[in-house]
Amino acid sequence: MHDFRGATVEDLDLPPAFVITPDTPLDHALELSFERSYSYLPVVSAKTRALLGYLSAEQLQKAARTGKVPKTAGKTTTGVADDGDTEMIDLRLATVRSFMHRFPKEEKFEKITPDTPLEELERFFDGEHDFAVVTDEDRKFVLGVAAPEDLAKFVERRPSVGLRE
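Below is a short write-up of the structure. Computed from a predicted structure; not experimentally measured.

The rules behind these values
Residues numbered from 1 in each chain as written. Predicted model: local features only at pLDDT ≥ 70, side-chain atom pairs only at ≥ 80, totals over all residues. Heavy atoms only, no water. Buried < 20%, exposed > 50% of the residue type's maximum accessible area, 1.4 Å probe, protein only. Helix = DSSP H or I, 4+ residues; strand = E, 2+ residues; numbered from the N terminus. Arc of directions from axis to C-beta. 1 Å grid on protein atoms, 1.4 Å probe; cavity = no way out; pocket = protein on both sides within 12 Å on 5 of 7 lines; lining within 4 Å. Points joined across faces, edges and corners; volume = space filled by probe spheres on them. Nonpolar A, V, L, I, M, F, W, Y, C, P; charged D, E, K, R; others polar.

Some words on helix α1 (residues 26–36)
And then number 1: What α1 keeps buried is the set Leu 26, Ala 29, Leu 30, Leu 32 and Ser 33. The buried residues of α1 occupy an angular sector of 165 degrees when projected down its axis, which confines them to one face.
And then number 2: Looking at the residues trailing α1, positive phi occurs at Ser 37, about 55 degrees.

Next up, the structure:
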């Protein structure tokens, strides 16, 4: 564990989140992910802006290689067909809704805001999370997406950050 000397998520200088809705065409989401070099695209409700789930760049890259996606991709854990008998649809006809990873409604999520200390974010990542969605205090708006790499870059830029004993 590092001693971040009072630094918070805001100090990571994350780019603003780019969110998509379930009705976003999948090929458009793919373009956005590549253009902006985003590893994760949060998916929000078009009506309420509530966080529903996400798409990963890895998922989108697999789809781009073939130009087709499994019709039931959103129901698998990897976004890839489980067997050769799965019906495939053209990437240009698919929407995010059928391909996104959905957050379970009953699951309680840890709130990560710009004011969250980096020590807490580091513990969050140590808990086997690949990324964190940064929201406002009321969880009404998605502000950014943080990944373990963002913490590593912060440590590189700040030689005064040390390891705790």
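From this point, things continue past the structure.
Observations regarding the layout of surface pockets
And then number 1: The volume enclosed by the largest pocket comes to roughly 870 Å³.
And then number 2: Leu 51, Phe 103, Pro 104, Phe 109 and Val 133 are, among the 28 residues lining the largest pocket, the residues nearest its centre.
And then number 3: Counting residues per element, the ones that place at least two in the lining of the largest pocket are β3 (51–56), β6 (101–102) and β7 (132–135).
And then number 4: For the lining of the largest pocket, the per-class residue count stands at 14 nonpolar, 3 polar and 11 charged.
And then number 5: Each pocket or cavity is described by its volume, and for the second largest pocket that value is around 400 Å³.
And then number 6: Lining the second largest pocket are 20 residues; nearest its centre among them are Pro 15, Ser 37, Tyr 38, Val 145 and Asp 150.

These values are about where atoms sit, not about what they do.
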